[in-house]
Amino acid sequence: MTALSSGSSRPLRGRCRVPGDKSISHRALILGALAVGRTRVRNLLEGEDVLRTAAALRALGARIERDHNGLWTVHGVGVGGMVEPDGVLDLGNSGTGARLLMGAVATHAFTSFFTGDESLCQRPMARVVEPLSRTGARFVARDGSRLPLAVMGAPSPMPIAYTVPVPSAQVKSAVLLAGLNAPGETTVIEPVATRDHTENMLRHFGATITVTATETGGKRIVLVGQPELKPADLTVPGDPSSAAFPIVATLIRSGSAITVEGVGTNPLRTGLYQTLREMGARLTFAKERITGGERVADVAIKAGDLKGVDVPAARAPSMIDEYPVLAVAASFAKGRTVMRGLGELRVKESDRLAAIAGGLRKCGVDATVDGDTLTVEGNGTPPKGGALVAAQLDHRIAMAFLVLGSAARKPVRIDDGATIATSFPGFVKLMNRLGTRIAEVRR
Ligand code: S3P
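Residues numbered from 1 in each chain as written. Predicted model: local features only at pLDDT ≥ 70, side-chain atom pairs only at ≥ 80, totals over all residues. Heavy atoms only, no water.

Chemist: Just checking my understanding: could you explain helix α6 (residues 197-204) for this structure?
Modeler: Helical periodicity: at 3.6 residues per turn, an α-helix aligns residues three or four positions apart in one direction. Along α6, six of the eight residues are buried, which leaves the element largely enclosed by surrounding structure. Listed as buried for α6 are His197, Thr198, Glu199, Asn200, Met201 and Leu202. At the C-terminal side of α6, Gly206 shows a positive phi close to 90 degrees. (Buried < 20%, exposed > 50% of the residue type's maximum accessible area, 1.4 Å probe, protein only. Helix = DSSP H or I, 4+ residues; strand = E, 2+ residues; numbered from the N terminus.)

Chemist: I'm lost on the packing of helix α4 (residues 126-133) against helix α5 (residues 169-180) in this one. Help?
Modeler: The packing of two helices is summarised by the inter-axis angle and the distance between the axes. Here α4 crosses α5 at 30 degrees, and the two axes come no closer than 9 Å. Taken together, the axes of α4 and α5 lie roughly parallel to each other. Our pair here, α4 against α5, has a crossing hand that is right-handed. Across the interface between the two elements, Arg127, Val128, Pro131 and Leu132 from α4 touch Val171, Ala174, Val175 and Ala178 from α5. (Axes fitted to C-alpha atoms, helices over the stretch in contact; angles between N-to-C directions. Parallel < 35°, antiparallel > 145°, perpendicular 65-115°, else oblique. Left-handed = near helix turned anticlockwise from the far one by under 90°. Contact = heavy atoms within 4.5 Å.)

Chemist: Hey, could you run me through the side chain of Thr259 in this one?
Modeler: Its location among the elements puts Thr259 in strand β15 (residues 257-264). Apart from the residues within four sequence positions on either side, Thr259 is in contact with Gly14, Arg15, Cys16, Asp298, Val299 and Ala300.

Chemist: Could you clarify how one ought to interpret the site of the ligand in this entry?
Modeler: Looking at the ligand, the residues that line it are Lys22, Ser23, Arg27, Thr96, Pro167, Ser168, Ala169, Gln170, Arg195, Ile320, Asp321 and Lys348. Within the contact set of the ligand, an oxygen atom lies 3.0 Å away from a backbone nitrogen or oxygen of Ala169. One of the backbone N or O atoms of Gln170 is found 2.8 Å from an oxygen atom in the ligand. Considering the ligand on its own, with 380 Å² of exposed area, one finds that the protein chains cover 95% of that surface. (Near = heavy atom within 4 Å. Polar contact = N/O pair within 3.5 Å; in protein donor to acceptor, adjacent residues only side chain to side chain. Areas by Shrake-Rupley, 256 points an atom, 1.4 Å probe, with all protein chains shown as cover.)

Chemist: Could you clarify how one ought to interpret the domain arrangement of the protein in this entry?
Modeler: In many analyses, interface size is given as the accessible surface area lost on bringing the parts together. Per the domain assignment, the segments of the protein are domain 1 (4-20 + 237-440) and domain 2 (22-228). Distance between the C-alpha centres of domain 1 and domain 2: 28 Å. Domain 1 puts 25 residues into the contact, and the matching count from domain 2 is 27 residues. Of the roughly 2200 Å² buried at the junction of domain 1 and domain 2 (both faces included), carbon and sulfur atoms supply 51%. Where domain 1 meets domain 2, there are three salt bridges. Across the pair Arg195 and Asp321 runs a salt bridge whose closest N-O atoms are separated by 3.5 Å. Applying the counting rule to domain 1 against domain 2 returns 13 residue pairs in polar contact (both at pLDDT 80 or more). (Domains from an automatic or database assignment. Buried area = accessible area lost by both parts, 1.4 Å probe. Salt bridge = Lys/Arg side-chain N within 4 Å of Asp/Glu carboxyl O.)

Okay, structure coming up:
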């Protein structure tokens, strides 16, 4: 356990880059492993979650190397070319790694075993087990289809048509990755659009995939199975979900102004920026460009007064990982912020709805949960702080409360910051270089 404390920050200043996007990094390794030949990946997130996916892919037959400049090379085995792993695939804290790989192996005719850490072993897997079973794969799992579990890949995989019942890019991606090694067309219908990195990257690797809008505002995605994926080099954009932490820390500390360079601005990931602008934030994009099929920009942000807003449920998928830090921004705003449609937060690395509200209340903020709605009352002044918050093996809860402590009246401590390395290695160093005072607490 690494306890951390965050006390009153200097104004944040300067330019920085955050590590590569977690979602895109997992997918780059997985599709690189399923291509025929050599894919090179720059700016891969070297967080524990992604390193677990790399290790699992090696066990499934891919050769994956990193050179001393941080350039990653994946020698793929081709669609259908994965081999039975000798040991158990341990995905650590990573829901994305576990669910996407379960999809990929479901249509390979061998048996594999999946496990994870205490947090991952509590998370629901029925949402992928159910559609993947329809391809012909079989699963043996604990109650609630939780990890550890065994996947017996389909000997004669079938393409499926599946309507995703929860807004989840992981479920959509698991079905598409299974569809890669099924003959014919696999169709996924998502009633609510979620991050589309899998679709963008499949296209980048040469798969035939068509996406059309449904009448109800969702998407219908059709993938032609058993393609020969071509290796495709790519540079991973900075992770907008990581950029969110220095951005909010800047907003709430008067006199601050920073620029985060090379951040992903895929419209299905930018709900936080839209919400912060509605709250009054001065946030601008510069040098907008496209790399590897994804939009990127430099994001500039200045401190300023914030006002409470109503965040509609329809926006949740485009900022699902940003609610912990948005709730922190809301606790500095003047007025009430209502965040709706947050049921999915209950099944993240922790029950984030409870963790956010409980942590905020400890810090002297009036925060309530009613069904799937989180309400935070701000009075336009910094919250009291001065609390010890339990991170619950959840990197984003840990980072959000360190951000709160950086501008609260009294320092905030978190009991364990070790999981920050799953998504944002170097977080403390980067934040302190900008101006925060986050330090390890010696016991
Ligand atoms: C992710 C999708 C989201 C998100 C997670 C990463 C992905 O999860 O919370 O951090 O890479 O597809 P869900 O698909 O469960 O919403």
